[in-house]
Amino acid sequence: MRTGHVAFLFSEPIIFPPNGTDLKSFYVSQELLRRSVRVTWISISDKYHAHKIAGIDAIGIGSRRKGFAALLLAFIRMQILFRVDRINCVYDFDWAFLREHPLRRLILQLMCKLSRVRYVLVQDDPLIDYEIAYGYLIEGSQRHRSLIRIYAVIYRLADLIILPSRAYVDVFVKRGIPEHKLLGEFQGIDRDRFNPSVM
């Protein structure tokens, strides 16, 4: 008997075999399946479809429409999916689709709250620090101040934020994010599952 239902969000069409961050999602999904948790991958950009990949339900909720209409339709379909499929938890791997438009993430989080779905944000490199480090954002600028305000709300609405190190947890605690919402996990390699010498 399955216990729970976890969804992973994708901003691009779902491909198999997976690559990059999709590979991380795949390994986490396989572990959840092993623990009898139902797993669904949801692509916001894929046109509407549903099929199964290696035990994972893969669903596209996009449409042929463009712009705001397409986004609105995708969010409505996602809300229906949350309720009909009884999804308990959503993993957001900080896709560019949401990263470049943080208000979309806020809408998604509010949808999760309305449906009583837990929201997990996985951030390999927290946006504001990344943007400043690479020169895309000027510290103290209007955009910088706006992003700080928006992300303060995003972080407060998240049920769990997974960060790449304990040092980042300390930074977030200093910024006022409750420590019980933070998990600092150093990213390593499972040598039993990944062995480059066989390639």
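Thresholds, definitions, all that
- Residues numbered from 1 in each chain as written.
- Predicted model: local features only at pLDDT ≥ 70, side-chain atom pairs only at ≥ 80, totals over all residues.
- Heavy atoms only, no water.
- Helix = DSSP H or I, 4+ residues; strand = E, 2+ residues; numbered from the N terminus.
- Buried < 20%, exposed > 50% of the residue type's maximum accessible area, 1.4 Å probe, protein only.
- Contact = heavy atoms within 4.5 Å.
- Areas by Shrake-Rupley, 256 points an atom, 1.4 Å probe, with all protein chains shown as cover.
- Salt bridge = Lys/Arg side-chain N within 4 Å of Asp/Glu carboxyl O.
- Patch = residues over 30% accessible without salt bridge, like charges linked within 9 Å, V, L, I, M, F, W, Y side chains within 5 Å.
- Core = buried A, V, L, I, M, F, W, Y, C linked by side-chain atoms within 4.5 Å.

(A) Structural context of the overall build of the protein. Assigned secondary structure in the protein consists of seven helices and eight strands. Residue burial in the protein is summarised as follows: out of 199 residues, 44% are buried. Contacts in the protein between residues far apart in sequence, at least 24 positions, make up 58% of those at least 6 positions apart. Total accessible area on the protein stands at roughly 11600 Å², and carbon and sulfur atoms take up 58% of it.

(B) The pattern of salt bridges, seen in detail. Summed over all chains, the structure comprises eleven salt bridges. Notably, a salt bridge pairs Arg-35 with Glu-31, separated by 2.8 Å at the nearest N-O pair. The partner of Asp-85 in a salt bridge is Arg-38, and the shortest N-O contact between them spans 3.5 Å. Pair noted here: Asp-85 is in the loop between α2 (67-84) and β5 (89-92) and Arg-38 is in strand β2 (residues 38-47), with a separation of 47 residues, a long-range link. Linked by salt bridges that have partners in common, Arg-38, Lys-52, Asp-57 and Asp-85 make up one network.

(C) Quick peek at a nonpolar patch on the surface. There is a patch of nonpolar side chains on the surface, built from Phe-68, Leu-72, Ile-76, Ile-80 and Val-84 and spanning about 510 Å² of accessible area. Note on Phe-68: relative accessible area 59%, which makes it exposed.

(D) Here's a closer look at the nonpolar core. Met-78, Phe-82, Ile-87, Val-90, Leu-108, Tyr-155 and Ile-161 are the most contacted members of the largest nonpolar core, which has 37 residues in total. Within the second largest apolar cluster, 19 residues are counted, among which are Ile-14, Leu-32, Cys-89 and Tyr-91.

(E) Expanded view of unusual backbone geometry. The linkage connecting Phe-16 with the following residue, Pro-17, adopts the cis geometry, with an omega of 0°. Notably, Ser-36 is not glycine yet its phi reads approximately 65°, a positive angle. When you line up the elements, Ser-36 lands in the loop between α1 (21-34) and β2. Positive phi is not limited to glycine here, since Arg-116 has a value of about 55°. Structurally, Arg-116 can be placed in the loop between α4 (102-114) and β6 (118-122). We classify Arg-116 as exposed; its relative accessible area is 78%.

Remember, this is a structural readout, not a statement about activity or role.
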